[in-house]
Amino acid sequence: MLIDINAYTGHWPFRQLQHTTCGARLQFMQKSGIDISMVSNLNGIFYKNTQSANEELYEALKLDRRFAGRIIPFAVINPIYAGWKDDLKKCTAGMGMKGVRLHPRYHRYALTHPYCIELVKRTRDLGLPIALSLRMVDRRVSSWLDISEEWSLKDVLPVIREVPDAKYVILNAVNSMQLTNEETNLLKGSDFLMDTSGRALTDLGNMIRSYGKEKFAYGSHSPILDHVTGLLRIESLRTEEAGEITKTLLRYKNAQAFFNL
Amino acid sequence: MQKKINRRSFVTHTVLSSAGLLLKIQGVQENSGSFANASLHKENEPALMKEVMKYRKIDSHAHVYFSADSPASQIDFADRLGIERLVISRNLEPFSGGTPEEFRRCNDLVIQCMKAYPNRFLGTMVLNPTYREASLEEIKRCVDAGMVGAGELYNQVKINDPAFYPIIEKFIDLKMILLMHSAIGRSRVVLDAGEPPNISLPEDFVEIAARYPEAMFQFAHTAGGIDWEYACKALANSPNVYVDISGSNNEAGMIDFALRHIGEDRLLFGCDNSFYQGVGHMLAANLTEIQRRKIFFDNYNAILKKSGRHVD
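In short, a report on the structure. (Residues numbered from 1 in each chain as written. Chains lettered and ligands numbered in written order. Predicted model: local features only at pLDDT ≥ 70, side-chain atom pairs only at ≥ 80, totals over all residues. Heavy atoms only, no water.)

Before going further, it helps to examine the overall build of chain A. Broken down by element type, chain A carries eleven helices and nine strands. Here the C-alpha atoms of chain A give a radius of gyration of 17 Å, agreeing with the 18 Å that 2.2 N^0.38 yields for 261 residues. Overall size of chain A, expressed as C-alpha extent along the three principal axes, is 50 × 40 × 40 Å. Across the 261 residues that make up chain A, the buried fraction comes to 63%. A separation threshold of at least 6 residues defines the contact pool for chain A, and within that pool the share at least 24 residues apart is 74%. In chain A, which carries 34 positive and 28 negative side-chain charges, the distance between the mean positions of the two groups comes to 2 Å. (Helix = DSSP H or I, 4+ residues; strand = E, 2+ residues; numbered from the N terminus. Rg over C-alpha atoms; globule rule 2.2 N^0.38 Å. Buried < 20%, exposed > 50% of the residue type's maximum accessible area, 1.4 Å probe, protein only. Contact = heavy atoms within 4.5 Å. Lys, Arg positive; Asp, Glu negative; His and termini not counted. Charge placed at Lys NZ, Arg CZ, Asp CG, Glu CD.)

In structure tokens, the structure reads:
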């Protein structure tokens, strides 16, 4: 059993991607041995009205019964765009989306913007997680039309500090993972799950020792990144770093528990 | 009821069915020297790790450092991922003067590492063509010490600068390859503000490769934060430029794209010390079994054969 907690459908405007539709994604999952993918629609990063992207994903998932339970949708919500409260309600209650992915740098608001905080609290009250990707693409190779900022781990902490009892998914961990003791304690005290796609996870064994084996799960960040590297970080752990029970947690059990699958 | 795909099928399907060749998995390669490590090849090993260990690998782009954990750290990663040989260098700092004292010190470190791990490390040397005589003397010293090429050369002099000509001609005589760093360059149209002024761009490789068709050049790290689509297109018609796929940016489809533009005989496996990404995107790529073996091992070994310094 393998669950990918960090995948996407939709297009990236600056580079051709593969498996951009739900059908292609499922075919790719079958070929690659991935049982469940948790996806949002990349178009939601670029549409001013992100709800159109959520509706696209919802409609696409209705087209084929085989998608049910295999492709789990997340909503992309922009809290500084009109109607976001209605969008959140429609996505969660109406469309059955299992969480919210935020893209503050693309949508140009601070994580501590009052409306963002309100969105996080509302999502928390629904019992659903908020997902934050430290970057979508490597800024060095990104398009001249793309943003050029990336986050490091400490950049997600302000929202955790504001809403410490929400559930957070930290995706594509890149750049510095250094935190002060106070920041480390804040993160350790929160309910978070980090995926294994990010290049900063050079020593997953040590991360598990520091934060706990229940805090990590396989994620690919595909189709932007390849789907093997995130799993290789898990499977290449030595027995003294992670036994079979821990690896099973990382492959799927942590995701099942965190997302109530 | 959907048939569940178990974890075992993950890599079997990824690697083999993407190649269209559901070949019987061969036994783990015997490795020469001290690399053979029985603990890496357990019966109950996950399917992915069996695939990882199945391929012999020469990491064509690796580094050692002036730090307490080097080179043990690099060997540890290599053991973990079944990398038999690493082509190591200690590059000059990007904004340094690159004096003879500096490049000798870097090369001394590489020589020390080669002596410490003679069956794991293949050394390559750094130079600065600005110091012509000192560089030529250093080539002799390093070749005598067993090195197999030049690199990772950095930004002190552009690869197509006339100052490089005598160095390149020497490496033609030696039948050895020159690995040159590649840059973020003009990925965002204007030259990246962090780049040193003498950084080599893909067009510089094209020019020097045409001037010296008998030389062998290695264009560094498609995954090193460069515009890899641009680079592969620029280098498509430069048959004496090899392209290594190392680096931290394991964007999906990169190797497939490089295969279409560069071809299976000019691509080289490498990590640039981003070991998971280097191996991971090789296994994710849509390659045939033969292509995967070529890129992981055979292509670089063929380069080494030209100077008689091949692995086997």
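Moving on from the coordinates now.
This part is about helix α11 (residues 244-259) of chain A. Residues and elements named next belong to chain A. With 16 residues, α11 extends 22 Å between its outermost C-alpha atoms, agreeing within 8% with the 22 Å of an ideal straight helix rising 1.5 Å per residue. Along its length, α11 reaches its greatest deviation from straightness, about 60°, at L250. When we look at burial in α11, the residues that qualify are T246, K247, T248, L249, L250, R251, Y252, N254, A255, F258 and F259. (Expected span 1.5 Å × (residues − 1). Bend = angle between axes of the 7 residues up to and from the residue.)

Our next topic: unusual backbone geometry. Omega for the bond connecting S222 of chain A with P223 of chain A falls within 30 degrees of zero, at 15°, which places this linkage in the cis form. The topology assignment puts P223 of chain A in the loop between β9 (216-217) and α10 (229-235). Cis peptide bonds are those with omega within 30 degrees of zero, and the linkage from S70 of chain B to P71 of chain B qualifies with 10°. Within the secondary structure, P71 of chain B sits in the loop between β1 (58-63) and α3 (72-80). With a phi close to 65°, R108 of chain A is a non-glycine residue in the positive phi region. Looking at the secondary structure, you find R108 of chain A in the loop between α5 (104-107) and α6 (114-125). A relative accessible area of 73% places R108 of chain A in the exposed class.

Residues and elements named next belong to chain A. Here three strands make up an open sheet; going across it, the order is β1-β2-β3 and the pairing parallel. Here the strands that pair on one side only, and so sit at the sheet edges, are β1 (3-9) and β3 (71-73). Within this sheet the neighbouring strands show an average axis-to-axis angle of 35°, counted without direction. Looking at chain direction, strand β2 (residues 36-41) and β3 are connected through three bridges and run parallel. Counted as the bridge partner of S37 is I71 from β3. With respect to the sheet, helix α3 (residues 50-62) is in contact with β1, β2 and β3, its orientation differing from that of β2 by roughly 140°. The strands touched by α11 are β1 and β2; relative to β1, the strand with the most contacts, the crossing angle is about 75°. (Pairing = 2+ DSSP bridges. Axes fitted to C-alpha atoms, helices over the stretch in contact; angles between N-to-C directions.)

A separate point is helix α6 (residues 165-174) of chain B. Among the residues of α6 of chain B, those classed as buried are Y165, P166, I167, I168, F171 and I172 of chain B. Lining the buried residues of α6 of chain B we find β3 (121-125), α5 (132-144), β4 (149-153), β5 (177-180), α7 (202-211) and β6 (216-219) of chain B.

Moving on to a nonpolar patch on the surface. On the surface, W144 and L145 of chain A together with V189 and V190 of chain B cluster together into a nonpolar patch covering about 470 Å² of accessible area. In this fold, W144 of chain A is placed in the loop between β6 (129-133) and α7 (157-162). (Patch = residues over 30% accessible without salt bridge, like charges linked within 9 Å, V, L, I, M, F, W, Y side chains within 5 Å. Areas by Shrake-Rupley, 256 points an atom, 1.4 Å probe, with all protein chains shown as cover. Salt bridge = Lys/Arg side-chain N within 4 Å of Asp/Glu carboxyl O.)

With that settled, the discussion passes to the sheet that holds β9 of chain A. Residue and element names in this part refer to chain A. Strand order in the open sheet formed by six strands is β4-β5-β6-β7-β8-β9, and the pairing between neighbours is parallel. Across the chains shown, the open sheet's two edge strands, defined by having one partner strand only, are β4 (75-76) and β9. Looking at chain direction, β4 and strand β5 (residues 100-102) are connected through two bridges and run parallel. Note on β5: the bridge partner recorded for A75 is V100. Sheet contacts for α6: β5, β6 and β7 (167-171); angle to β5, the most-contacted strand, approximately 160°.

Residue and element names in this part refer to chain B. Put simply, helix α4 (residues 100-116) and α5 touch, their axes get as near as 11 Å, and they point 10° apart. As judged from the angle between their axes, α4 and α5 are roughly parallel. Across the interface between the two elements, P100, F103, R104, N107, D108 and I111 from α4 touch A134, S135, E138, R141 and C142 from α5. (Parallel < 35°, antiparallel > 145°, perpendicular 65-115°, else oblique.)

What follows covers the interface of chain B and chain A. Counting residues at the interface gives 46 residues for chain B, matched by 46 residues for chain A. Buried surface at the junction of chain B and chain A, summed over both partners, amounts to about 3,900 Å²; 54% is from carbon and sulfur atoms. Connecting chain B to chain A are three salt bridges. Of the charged contacts in the structure, one is a salt bridge between D76 of chain B and R238 of chain A, with a shortest N-O distance of 2.8 Å. At the junction of chain B with chain A, the criterion picks out 17 residue pairs in polar contact (both at pLDDT 80 or more). When residues of the side of chain B that touches chain A are assigned to their parent elements, the largest contribution, seven residues, is made by helix α10 (residues 275-284) of chain B. (Buried area = accessible area lost by both parts, 1.4 Å probe. Polar contact = N/O pair within 3.5 Å; in protein donor to acceptor, adjacent residues only side chain to side chain.)

Worth remembering: the numbers are spatial, not functional.
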